[in-house]
2 protein chains.
Amino acid sequence: MRGHEGADFGPAVIDIADREDERIAAFRDVRERDLTRSGRFIAEGAVVLDQILASRRFRLVALLVLRERLAGLAPRLAALPADTPVYRVERELFDRIAGFPVHRGVMALAEPVEPAAAADLDAALAATVAARGCVVVACGLSNHDNMGATFRNAAAFGAGAVILDRRACDPLYRKAIRVSVGTVFTVPFARWGGAVSIADRLAGLGFECVALSPGAPEPLRALRDRRARALFLGAEGEGLEGDVIARCRPVRIEMASGLDSLNVATSAALVLHHLAWPEQP
Amino acid sequence: MRGHEGADFGPAVIDIADREDERIAAFRDVRERDLTRSGRFIAEGAVVLDQILASRRFRLVALLVLRERLAGLAPRLAALPADTPVYRVERELFDRIAGFPVHRGVMALAEPVEPAAAADLDAALAATVAARGCVVVACGLSNHDNMGATFRNAAAFGAGAVILDRRACDPLYRKAIRVSVGTVFTVPFARWGGAVSIADRLAGLGFECVALSPGAPEPLRALRDRRARALFLGAEGEGLEGDVIARCRPVRIEMASGLDSLNVATSAALVLHHLAWPEQP
């Protein structure tokens, strides 16, 4: 059952024939479970696998691969440690293990490498201050689609990092990873605690804290000078709390009259795009 | 089984006790079906119901209402024609009819009123040209979330209308309605045919056709003058076809190096926001 696939292959390839095999327990019924409570997470597809392999902030624990996909993945697996198990299964069993049809044929079990993540975040914050760039602070975001989209937009417009408050949902949840197009693996992030203390800490590091607030007197385009900024995003529906806004420079996104409804990740995109390419005064 | 609820109520209230009752066939298993092929559609919730009732472009065909929600809906139902059936059901039956747990307790069966829709679209296009505003042209959008989000962003930034090409998915699909926050009922739209002929027709009406294209020489901020514009959005993944871009002024959204990935509805938000509030030159 266990064997190497020849010289072009680093890790152990293990054939799995039984859904209840304990070695693949972490891959079972991933749709129903919130795996991230264990600190580990499941990510799908070869593109995301590449991002995990390229990041020193994450460690691949094991792979579940469709039999016919294995040959195509061989080059990128060659560099894996020999003790990283690669579980090979047939299509029908793959779907029964996952609990839903997985079209990409690759599922990675991975975990954060905490010291590297902390070091990378520190470096990213310092670099962002130096470059007068922007970081995103997600406070209370509860929807995994919005979390993933926020990371995607942060990456698109070069935000240096994402800080989460204690209430924000997990970017390493399967749905968030997918919507992020894997950018949760490329944009450094950390969970820090309460939003007020996050604002104080970022201000101490040199960031101007900016809060999106529909009732703000200043429109987004009032932010014309280039400086390091932290963009605070509030929970879907409720927005940011008053004591957080009080520590920030509030700005509004101008909308058609009668509407103040915009998706939170879309709002982030508008602000990040504006801050990345401010108009000339 | 059939009776009026007293003087404060226009329509007939009909108690339904059987999931297989033919009168509620259109509400059955709505999750699995693409009802819109029949020209009719299902929308959920009181807010969306209000939007349908307020629009002359849509007609309410029937309502399915949770027993305990009926009293709260009475004021808005009083104005309904007496021959609009309101089907009243218990919670447990409601969920079994719909095929999933419906939390809002109101499902509306409705249909477009074609002459009003065509007249409103003509008026909206003329008003948009006069106001130097913007319309959105969705070509080949295949994802209902993206379609709904595109309408939401069109509404947020005051776009006058949305034109669909023949390949774009249906904005009146349940998921699109929900993501749009009901704006599919407030922003006039129509399906016109091929994207190239749409560009020709809009140009003839006085619109400058603008296409989002990652390789365009001009960035978004090059659009500084205020004039009537039609923003062409392409399919997820493939983008717009070459012969469509050739009829448009291509612009790019500037992103962090190495990335040209942005959700299509988010891209629309960036352009519409920019065009609604162009910076001073």
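- As annotated in an unreviewed UniProt entry, chain A carries the name RNA methyltransferase and is attributed to Aureimonas flava.

## Thoughts on the sheet that holds strand β10 (residues 208–212) of chain B
Residue and element names in this part refer to chain B.
Step number 1: Across the sheet, seven strands lie side by side as β9-β8-β7-β12-β10-β13-β11; this open sheet has parallel pairing. In this open sheet, the two strands that pair with only one neighbour each are β9 (189–193) and β11 (218–219).
Step number 2: Sheet analysis places β11 next to strand β13 (residues 249–252), joined by two bridges and oriented parallel. Looking across to β13, one finds that proline 219 is bridged to arginine 252.
Step number 3: Along the sheet, helix α4 (residues 114–130) makes contact with β7 (134–138), β8 (162–165) and β9, crossing β9 at roughly 95 degrees.
Step number 4: Running over the sheet, helix α7 (residues 195–205) touches β7, β8, β9, β10 and β12 (229–233) and is turned about 120 degrees from β9.

## Focus on the domain arrangement of chain A
Residues and elements named next belong to chain A.
Step number 1: Under the domain assignment, chain A is made up of domain 1 (2–112) and domain 2 (114–276).
Step number 2: Inter-centroid distance (C-alpha atoms) of domain 1 to domain 2 is 32 Å.
Step number 3: In total, about 1600 Å² of surface goes out of reach between domain 1 and domain 2, with carbon and sulfur atoms giving 57% of it.
Step number 4: On the domain 1 side of the contact with domain 2, Gln51, Arg56 and Arg57 bury the most area, a combined 37% of that side's loss.
Step number 5: One can count three salt bridges joining domain 1 with domain 2.
Step number 6: A salt bridge links arginine 56 to aspartate 120; the shortest N-O distance between them is 2.5 Å.
Step number 7: Where domain 1 meets domain 2, there are five residue pairs in polar contact (both at pLDDT 80 or more).
Step number 8: Within the residue set of the side of domain 1 that touches domain 2, elements represented by two or more residues are β3 (41–44) and α1 (46–54).
Step number 9: Examining the composition of the side of domain 1 that touches domain 2, we find that four residues originate from one element, β3, more than from any other.

## Considering the relation of the copies chain B and chain A
Between the two copies of the chain lies a relationship made up of a rotation around an axis and a movement along it.
Step number 1: Overlay of chain B on chain A (RMSD 0.0 Å): rotation 180 degrees, translation along the axis 0.0 Å. Accordingly, the operation relating the two chain copies is best matched by a two-fold axis.
Step number 2: Comparing interface residues between copies, 100% of those in chain B also sit at the interface in chain A, which points to an isologous, same-surface contact.

## Digging into unusual backbone geometry
Residues and elements named next belong to chain A.
Step number 1: One non-glycine residue with positive phi stands out, namely arginine 132, at about 55 degrees.
Step number 2: Along the chain, arginine 132 falls in the loop between α4 (114–130) and β7 (134–138).
Step number 3: One non-glycine residue, valine 181, lies in the positive phi region at around 55 degrees.
Step number 4: If you trace the backbone, valine 181 turns up in the loop between α6 (174–179) and β9 (189–193).

Definitions and limits used
Residues numbered from 1 in each chain as written. Chains lettered and ligands numbered in written order. Predicted model: local features only at pLDDT ≥ 70, side-chain atom pairs only at ≥ 80, totals over all residues. Heavy atoms only, no water. Pairing = 2+ DSSP bridges. Helix = DSSP H or I, 4+ residues; strand = E, 2+ residues; numbered from the N terminus. Contact = heavy atoms within 4.5 Å. Axes fitted to C-alpha atoms, helices over the stretch in contact; angles between N-to-C directions. Domains from an automatic or database assignment. Buried area = accessible area lost by both parts, 1.4 Å probe. Salt bridge = Lys/Arg side-chain N within 4 Å of Asp/Glu carboxyl O. Polar contact = N/O pair within 3.5 Å; in protein donor to acceptor, adjacent residues only side chain to side chain. Least-squares fit on C-alpha atoms with pLDDT ≥ 70 in both.

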